[in-house]
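Survey of secondary and tertiary structure
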There are 4 protein chains.
Amino acid sequence: MALIGAGRIGANHAELIARHTPGAALVAVADPTPSAERLATQLGVDVVELSAERVVARSDVDAVVITTPARSHADLVVEAAAAGKHVFVEKPMAVTLTDADRVIAAARNAQIVLQVGFNRRFAPGWKAARAAIDAGRVGTPQLLRSVTRDPGPFGADPARIPPGTIFLETLIHDFDALCFLNPGAVPTRVTAIADALIRPDAKAAGHLDTAVVTIEFDNGAIAVAEASFSALYGYDVRAEVFGSRGMVTAGDGRCSDMTYYGPDGISVDTARRDTDLLHSAYLGEFAAFVDSIRTETPAVVTGADARTALSIALAAIDSAASGCAVQITDVAVMA
Amino acid sequence: MALIGAGRIGANHAELIARHTPGAALVAVADPTPSAERLATQLGVDVVELSAERVVARSDVDAVVITTPARSHADLVVEAAAAGKHVFVEKPMAVTLTDADRVIAAARNAQIVLQVGFNRRFAPGWKAARAAIDAGRVGTPQLLRSVTRDPGPFGADPARIPPGTIFLETLIHDFDALCFLNPGAVPTRVTAIADALIRPDAKAAGHLDTAVVTIEFDNGAIAVAEASFSALYGYDVRAEVFGSRGMVTAGDGRCSDMTYYGPDGISVDTARRDTDLLHSAYLGEFAAFVDSIRTETPAVVTGADARTALSIALAAIDSAASGCAVQITDVAVMA
Amino acid sequence: MALIGAGRIGANHAELIARHTPGAALVAVADPTPSAERLATQLGVDVVELSAERVVARSDVDAVVITTPARSHADLVVEAAAAGKHVFVEKPMAVTLTDADRVIAAARNAQIVLQVGFNRRFAPGWKAARAAIDAGRVGTPQLLRSVTRDPGPFGADPARIPPGTIFLETLIHDFDALCFLNPGAVPTRVTAIADALIRPDAKAAGHLDTAVVTIEFDNGAIAVAEASFSALYGYDVRAEVFGSRGMVTAGDGRCSDMTYYGPDGISVDTARRDTDLLHSAYLGEFAAFVDSIRTETPAVVTGADARTALSIALAAIDSAASGCAVQITDVAVMA
Amino acid sequence: MALIGAGRIGANHAELIARHTPGAALVAVADPTPSAERLATQLGVDVVELSAERVVARSDVDAVVITTPARSHADLVVEAAAAGKHVFVEKPMAVTLTDADRVIAAARNAQIVLQVGFNRRFAPGWKAARAAIDAGRVGTPQLLRSVTRDPGPFGADPARIPPGTIFLETLIHDFDALCFLNPGAVPTRVTAIADALIRPDAKAAGHLDTAVVTIEFDNGAIAVAEASFSALYGYDVRAEVFGSRGMVTAGDGRCSDMTYYGPDGISVDTARRDTDLLHSAYLGEFAAFVDSIRTETPAVVTGADARTALSIALAAIDSAASGCAVQITDVAVMA
């Protein structure tokens, strides 16, 4: 495999592929910055390229892992697909529905495996929750909740965060998780409220760092997705599905079953970063990607899944701006 | 004290007052049904009346506890206040803002203690959460959540449930809890989605049994209140307050710290009924009521608190009907 | 009621009786120190005596609560019984089996209610555990555990702690709890290991602050009781009963269902003191005492229960000294 | 690698090595029974042998994983070491101290990596607990506990279980875990109580299925290890270390952070089998084994560790038989 994009999450993925994914080898890293060289040296990878094109052209590369900035994803997937490479692309797969459709078509035409980085589907709690739902233990989902809070304190420059980021890059995880946990149901209507509560000074320039999104599904279920860019206690991802026969929850902030009792009280073992908290989920998604390639079976997280989550995100952006509920079909038509 | 209304919650309150509230004695029970007689016999209370008027007139009654159907509350409080009796009234104190204002004025004029039955304020977890907020450990609240799910299966006749009940009688607890946990902040805008997911057949007749309400506050906080009439696993009340410095949660469904490990797994000690789960909260609210009367200090849950919660409920009713966000001030003016 | 002994736990009990126990009134406090006067003033109690004799003689006293140092308990109970007063005595009821028998006989002869302060029996988790056992959900108990750790840091002067205190005053709670949670079974053999790990400098003078005691019962069950005088994280009492059909645990260090998520992680709401952690248990034991007096029924924690726990404590003292297992019957015969 | 012993745990290990351990390949399976053939087919392994000798002799085998019955371990390790193969051997490494010494010497002479299967050291909670201890957060350990309960109901034939099994094969995990969690301390004295509570009918023939072992260490710490062959609620492994500055616990029976709320209450996601509950620990131990081989560094769980755990087990066997405490040094000398 080759890595395209050697930033923070790219470095995480590269290490997992190089060292912890049976059946995979990392043979090249592409990034225009010096971080590519550093990462390659650290992992013993020989080939370093400044551009994606070069690695996509290599005959010793069967698959690429795309971890570049979100707005470049669609073009890179199309390019890799055209070269016949299997693709693992971080979320969001695309930021417009037109691009999403273009990516899906390219993957279909090239008959490649296209997997999107919705890691939560591979987290033990989410998998067990879905299994309980599939087993009928929850009944028909009626009320759902999904939360993503990035570890704080928030230190980024709001001016460098593209508009819509909280919906397109953060809550997109929740939108997918809610669809995953309400299997077979179609999201129909979205109402969003968003604000700049962490950096109110940046609100006038369009910055949004806190959001609550309500999603209605065609099976009657009402879901709430919630995000913040600054949880002082660490990375916080959780889900809850309440149904006609019971409830399941997933996510408790713990990264092990260790508990510490000290002078300040009783505290559990927590993680500050997604790459710690969701370590086994990241391992799981690459194992699944390798497995799909080897067995020539479709990816377990598809381009269609990514398109659905995107349609919710775009509707949420509209709703947050207008203050009104937005039909998903309107988004689909608009885009 | 005298009890007015010998239904399920009245019987609970009567027993707590008669047997478990130091400084209080139950001297009379009023209810037009035979349940009054039964309850009085069981608790050793001598006086049973068919009407509230009769107990309000008794000179050996210092205070009344009103647990009649919601729509009768306002008139009964006004009547008791006129007779100079202190009043503990179950929520909702009133179902219109006009009535709420009338009740508040009557209590003020009579200089009685008027306490409203928002029991969650007395539950250990909620008190501890509020203490953590007051101590600055949460910072400024940004995202809040409050949940109420009644124990299922839902067996009532939808036709006998007044319209608006899920907002006026169930979620009113959450509306108050959210204000309690966002101290000093004023609710400004409400968006509600409600449906009949448990009894879809009754929806056409106006029945609503599942609801999600989003409330915006003047300090920027966004709160979500959620209710269902049928949680198969028992009574479920929880709260979460996420702020600039941390988070507190309250409510875990346990009624003791016992855990059972059996052939079906590990399960905690849960309660099916509010009167079990919130036992100590009920004790606490009556102890506080007695204390306010004895020390001639204002009730810790006031008519003004009840009016605020009611204004949210009324806005939610409007929003659920119109599909649009509703300003609280519009409600206040309308009512 | 009258309080005899106005120390730390006496003050706790006095307040609960005076203010939080329906049906009880505190009319007198006896203690040779100025703390009696202070406590009485604080609680509005008119009668303060320097000696137990004087309060035992009062006709307006129906019952006494004895919270003096352990070695004075037996004589005081006998004296109060002789005066026909009901007695609630803190643990240990006596520190020799001869005294225990003398106390039991005195109570029987005077036909008074004699209740011993094994508070854990009234803690919600322990009651629920016992209920699960009684319901057959645990099957036959096979492995039991009970823990008591006093909140640290340990600051007392070891020279002022009588020998055997860790067994006679601390672990005695665990010995009773283990009998309570293994209903009907008789303890037969005891093996104890004890050390001065907190204050090793005081070991030569006989100080013991850490102990592990193994108790075998006639139904085959093997129980472990563990104590320390210095848990830096606060008061820690727990129980576990593993049986042929399942397991129950009680005690989790939490004093409410509040959880706090802050920069240092996720922590639950804990208590440093027994009087906070076991608040409802203390309330429960006085309510039970009043109930037994009113209904003329035997105490729910009897002198015989206290004698059994004492027999384990005395065997543990022997075993810790000798390094060998000790038969309970040997203790019974010896004493 | 080659697997020697294709029983239940052998099959688990084989699958982890063949499919989930980067850097490892499974090339041969040896077992005299048809299970070897089945396992090899399932995992796509070409070489199947009836004897260990044959796989040890293969030049394409760098390392062997020994999962045969306990009493054959020592000889097999010595044989593999003689052939220069690295060895991962399931616990117990040996059942006599003489054999343990022989194994240690053989590994040293052959300069192979010898790792013993104490999986708990690789479980996230145990690792985090040890990290907290190493960081000084617990202070000096004073009271420790380790529990192993096999999932029930117990269905084996007691006559086919070798004497001492509960100590040599079950509690050996706890003995090692207690040493791991009391780093640097040396066990000095052991007191054991054991019984046949699950199958009392088999006691006369020497069967023991329930045991409590107390271990004293040279740093003053007192540890309790507890085992049962039949926990109806599933596999139960836990640890607790209480020290002068705090406490850590590990193990909570959960195999994910999913919680289910159903008509029977709130239950967590549990595992019935060690291979599910400790899945990540098993992965971790094989990753560590590969890493030691590749980097030519000593195993992280050594023969010396196994010898220490064995010395506790042998002392426990003596103590259970004699009813007296046994010095570890006596065992070492005896053996």
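Residues numbered from 1 in each chain as written. Chains lettered and ligands numbered in written order. Predicted model: local features only at pLDDT ≥ 70, side-chain atom pairs only at ≥ 80, totals over all residues. Heavy atoms only, no water.

Looking at the overall build of chain A
Summing up its helical and strand segments, chain A has 11 helices and 15 strands in all. Expected size for 335 residues packed as a compact globule is a radius of gyration near 20 Å; at 20 Å, chain A falls within 12% of this value. In terms of principal-axis extent, the alpha carbons of chain A reach across some 60 × 50 × 50 Å. For chain A, the proportion of its 335 residues judged to be buried stands at 61%. Long-range pairs, those at least 24 residues apart, make up 72% of the contacts in chain A between residues at least 6 apart in sequence. (Helix = DSSP H or I, 4+ residues; strand = E, 2+ residues; numbered from the N terminus. Rg over C-alpha atoms; globule rule 2.2 N^0.38 Å. Buried < 20%, exposed > 50% of the residue type's maximum accessible area, 1.4 Å probe, protein only. Contact = heavy atoms within 4.5 Å.)

Description of the packing of aromatic side chains
Under the defined criterion, the tally for this structure stands at 20 aromatic pairs over all chains. Here F88(A) and F286(A) contribute two aromatic rings whose centre-to-centre distance is 4.8 Å and whose plane-to-plane angle is 45 degrees, an arrangement assigned as tilted. Of this pair, F88(A) sits in strand β5 (residues 86–89) while F286(A) sits in helix α9 (residues 279–295), placing them 198 residues apart in sequence. F286(A) shares its class with F88(A); the two are buried. Ring pairs connect the aromatic residues F88(A), F286(A) and F289(A), which therefore count as one cluster. When the ring centre of F242(B) is taken as origin, the NZ or CZ atom of R149(A), which lies over that ring, is 4.2 Å away. Between R137(B) and the ring centre of Y260(C), over which it is positioned, the NZ or CZ distance is 3.9 Å. (Phe/Tyr/Trp six-rings, centres within 6.5 Å; stacked < 30°, edge-to-face > 60°. Lys NZ or Arg CZ within 6 Å of the ring centre and 35° of its normal.)

Focus on the relation of the copies chain C and chain D
By a simple turn and slide, chain C fits onto chain D: the slide is 0.0 Å along the axis, the RMSD is 0.0 Å, and the turn is 180 degrees. Taken together, the turn and the small shift mark the pair as related by a two-fold rotation axis. Of every C-alpha in chain C, the one belonging to C324(C) sits nearest the axis of rotation, 3.2 Å from it. Of the interface residues in chain C, 100% have counterparts in chain D that sit at the interface too, so the contact is made through matching surfaces. (Least-squares fit on C-alpha atoms with pLDDT ≥ 70 in both.)

What to know about the UniProt feature "domain: GFO/IDH/MocA-like oxidoreductase" (unreviewed entry) in chain A
As annotated in UniProt, the feature "domain: GFO/IDH/MocA-like oxidoreductase" (unreviewed entry) corresponds to residues 126–248 of chain A in the numbering used here. Helix makes up 20% of residues 126–248 of chain A and strand 39%, and the two end C-alpha atoms of the span are 9 Å apart. (UniProt positions renumbered as here; feature names shortened; annotations may be inferred.)

A look at the interface of chain B and chain C
One frequently used descriptor of interface size is the decrease in accessible area upon assembly of the parts. Facing the 30 residues of chain B at the interface are 30 residues of chain C. It is D257(B), M258(B) and Y260(B) that lose the most area in chain B upon contact with chain C, and together they represent 28% of the buried surface on that side. The tally of links between chain B and chain C comes to zero salt bridges. Linking chain B to chain C there are 10 residue pairs in polar contact (both at pLDDT 80 or more). Within the residue set of the side of chain B that touches chain C, elements represented by two or more residues are α1 (8–20), α6 (124–134), β12 (247–250) and β13 (254–262) of chain B. Sort the elements by how many residues they give to the side of chain B that touches chain C and β13(B) lands first, with eight residues. (Buried area = accessible area lost by both parts, 1.4 Å probe. Salt bridge = Lys/Arg side-chain N within 4 Å of Asp/Glu carboxyl O. Polar contact = N/O pair within 3.5 Å; in protein donor to acceptor, adjacent residues only side chain to side chain.)

Some points on helix α10 (residues 303–322) of chain A
Residues and elements named next belong to chain A. Across its 20 residues, α10 extends 28 Å between first and last C-alpha, which sits within 8% of the 28 Å expected from 1.5 Å per residue. What α10 keeps buried is the set G303, A306, A309, L310, S311, I312, A313, L314, A315, A316 and S319. The backbone nitrogen of A304 has a side-chain oxygen 3.3 Å away, supplied by the residue at the start of α10, namely T302. Phi turns positive one or two residues past the end of α10, at G323, with a value near 80 degrees. (Expected span 1.5 Å × (residues − 1).)

Focus on the interface of chain C and chain D
Contacts between chain C and chain D engage 32 residues on the former and 33 residues on the latter. A combined buried area of about 2700 Å² lies between chain C and chain D, and 66% of that area is made up of carbon and sulfur atoms. On the surface where chain C and chain D come into contact, there are six salt bridges. Between E240(D) and R145(C) there is a salt bridge; the shortest N-O distance is 3.0 Å. When residues of the side of chain C that touches chain D are traced back to their parent elements, those giving at least two are β7 (141–151), β8 (187–195), β9 (210–217), β10 (222–231) and β11 (236–243) of chain C. In terms of residues, the side of chain C that touches chain D owes the most to one element, β10(C), which gives seven residues. Here the side of chain C that touches chain D is composed, by residue class, of 14 nonpolar, nine polar and nine charged. (Nonpolar A, V, L, I, M, F, W, Y, C, P; charged D, E, K, R; others polar.)

Comments concerning the sheet that holds strand β1 (residues 2–4) of chain A
Residues and elements named next belong to chain A. What the six strands build is an open sheet, ordered β3-β2-β1-β4-β5-β6; its pairing is parallel. Lying at the two open borders of the sheet, with one neighbouring strand each, are β3 (47–49) and β6 (114–116). With direction set aside, neighbouring strand axes in the sheet form an average angle of 15 degrees. Relative to β6, β5 is paired through three bridges, and the arrangement is parallel. Its bridge partner lying in β6, V87 is registered against L114. The sheet contacts of helix α2 (residues 35–43) involve β1, β2 (28–30) and β3, and relative to β3 the element is tilted by about 170 degrees. (Pairing = 2+ DSSP bridges. Axes fitted to C-alpha atoms, helices over the stretch in contact; angles between N-to-C directions.)

A few points about the domain arrangement of chain A
All names here are of chain A. For chain A, the assigned domains are domain 1 (2–118) and domain 2 (120–277 + 301–334). At the interface, 20 residues of domain 1 touch 25 residues of domain 2. Buried area between domain 1 and domain 2, summed over both chains or domains, comes out near 1800 Å², and the portion from carbon and sulfur atoms is 63%. For the domain 1 face of the interface with domain 2, the top three residues by lost area are R71, L97 and F118, together amounting to 42%. In this structure, the connection of domain 1 to domain 2 is made through three salt bridges. D101 serves as the salt-bridge partner of R307, at 2.5 Å between the closest nitrogen and oxygen. Seen at the junction of domain 1 and domain 2, the total is seven residue pairs in polar contact (both at pLDDT 80 or more). Secondary-structure elements contributing two or more residues to the side of domain 1 that touches domain 2 are α1 (8–20), α5 (97–110) and β6. (Domains from an automatic or database assignment.)

Examining the confidence of the model for chain A
Averaged over every residue, the pLDDT of chain A is 96; residues scoring 70 or more account for 99%. Taken over the whole predicted complex, pTM reads 0.95, whereas the ipTM for its chain interfaces reads 0.95. (pLDDT = per-residue confidence, 0-100.)

Some details on α1(A)
Residue and element names in this part refer to chain A. Helix length check: α1 (13 residues) gives 17 Å between terminal C-alpha atoms against 18 Å at 1.5 Å per residue, within 8%. Taken as a whole, α1 has its buried residues at I9, G10, N12, H13, A14, L16 and I17. Against the buried residues of α1 lie β1, α2, β4 (63–66), β5, α8 (274–277) and α9.

What about the side chain of T275(B)?
Looking at where T275(B) falls in the secondary structure, it is placed in helix α8 (residues 274–277). Those residues in contact with T275(B) that lie beyond four places of it in its chain are R8(B), I9(B), N12(B) and Y282(B).

A look at the pairing of strand β14 (residues 265–270) of chain B
All names here are of chain B. Alignment of β13 against β14, held across five bridges, turns out to be antiparallel. Along β14, the bridge assignment pairs G262 with G265. Taking the residues between adjacent antiparallel strands as the criterion, β13 and β14 are bridged by two residues.

A short note on the sheet that holds strand β6 (residues 114–116) of chain B
Residues and elements named next belong to chain B. Pairing within the open sheet is parallel, and its six strands lie in the order β3-β2-β1-β4-β5-β6. What marks the edges here is a single partner per strand, and that holds for β3 (47–49) and β6. The mean angle between the axes of side-by-side strands here comes to 15 degrees, regardless of whether they run parallel or antiparallel. Strand direction decides the pairing type here: strand β1 (residues 2–4) and strand β2 (residues 28–30), joined by three bridges, are parallel. In the strand pairing of β2, A2 is matched with A28. Helix-sheet contacts for helix α9 (residues 279–295) involve β4 (63–66), β5 (86–89) and β6, and the interaxial angle to β5 is about 160 degrees.

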